[in-house]
Amino acid sequence: MDKIRFGIFGLWRGESFVHIINTFKDTAVLVSVCEQIEDRRNHVIKICEKAGVSGVKAFSDFDSFIDSGIDVVVLCNHFHMHAPYAIKALKKGIHVIS
């Protein structure tokens, strides 16, 4: 079975999902993250590396992020701003967890 490829948008709230996805190593893999704040991106990449998950791509631009080969995006940005990002992802055939 192929692993489900996840991406997380918004790492202030989304860091907890990093830990959850990394526990399902047989069925899921974190492929990329997207966050405007560089320190948050770097922090999460280090968390992944410590968990034995390498190769996670980090983006600051949502459009580049959703073109990174993900199957599912977890929207962890401010809830009142989910709709436009969900629509962009859905139009590309990407599943959305909002």
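Here, every reference points to the structure presented above.
Numbering of residues starts from 1 in each chain and follows the order in which that chain's sequence is written. Two thresholds apply to this predicted model, a pLDDT of at least 70 for residue-level local features and 80 or more for giving and counting side-chain atom pairs, whereas whole-chain, interface and lining totals are computed over all residues. Side-chain numbers here rest on the full set of heavy atoms in the structure, without hydrogens or water.

**Q** Give me the nonpolar core: which residues, what numbers.
**A** Taken as a class, soluble globular proteins show a tendency for nonpolar side chains to be buried jointly. Core analysis: the biggest nonpolar cluster contains 17 residues, and F6, I8, V18, L30, V33, C48 and V56 have the highest contact counts within it. The helix and strand labels rest on DSSP assignments: H or I over at least four residues marks a helix, E over at least two residues marks a strand, and numbering proceeds from the N terminus. Going through the elements one at a time, strand 1 (4–9), helix 1 (11–23), strand 2 (28–34), helix 2 (38–50) and strand 4 (72–75) are the ones with two or more residues in this core. The greatest single-element share of this core, amounting to four residues, is contributed by helix 2. We call a set of buried residues a nonpolar core when its members are Ala, Val, Leu, Ile, Met, Phe, Trp, Tyr or Cys and they connect through side-chain atoms within 4.5 Å of each other. We call a residue buried when its accessible area falls under 20% of the maximum for its residue type, exposed when it is over 50%, and partly exposed in between, using a 1.4 Å probe and counting protein chains only. Of all hydrophobic cores here, the second largest spans 13 residues; its members include C34, F65, V73 and L75.

**Q** I'd love a proper account of helix 4 (residues 82–91), names of residues and values included.
**A** Along helix 4, the residues classified as buried are H82, A86 and A89. Looking down the long axis of helix 4, one finds its buried residues gathered within 65° of arc, a one-sided arrangement. Buried residues in helix 4 make contact with helix 3 (62–66), strand 4 and strand 5 (95–97). G93 sits one or two residues past helix 4 and shows a positive phi near 80°. Each direction from the helix axis to a C-beta atom contributes to the arc, which is the arc of those directions. Contact definition: two residues touch when any of their heavy atoms are within 4.5 Å.

**Q** If you had to explain the side chain of E35 to someone new, which residues and values would you point to?
**A** Structurally, E35 can be placed in the loop between strand 2 and helix 2. Of the buried charged residues, E35 lacks a salt bridge, with R40 as the closest side chain of opposite charge at 5.7 Å. The term polar contact refers here to a pair of N or O atoms within 3.5 Å; inside protein, the definition further demands a hydrogen-donor-capable atom paired with an acceptor-capable atom, and it admits residues adjacent in sequence only when both atoms are side-chain atoms. A polar side-chain atom of E35 sits 2.8 Å from the main-chain amide nitrogen of L11. Contacts of E35, omitting those with residues within four sequence positions, involve G10, L11, W12, R40, R41, F59 and S60. Counted as positive: Lys and Arg. Counted as negative: Asp and Glu, with His and the chain ends omitted from the count. Salt bridges, as used here, are contacts in which a Lys or Arg side-chain nitrogen is within 4 Å of a carboxyl oxygen on Asp or Glu.

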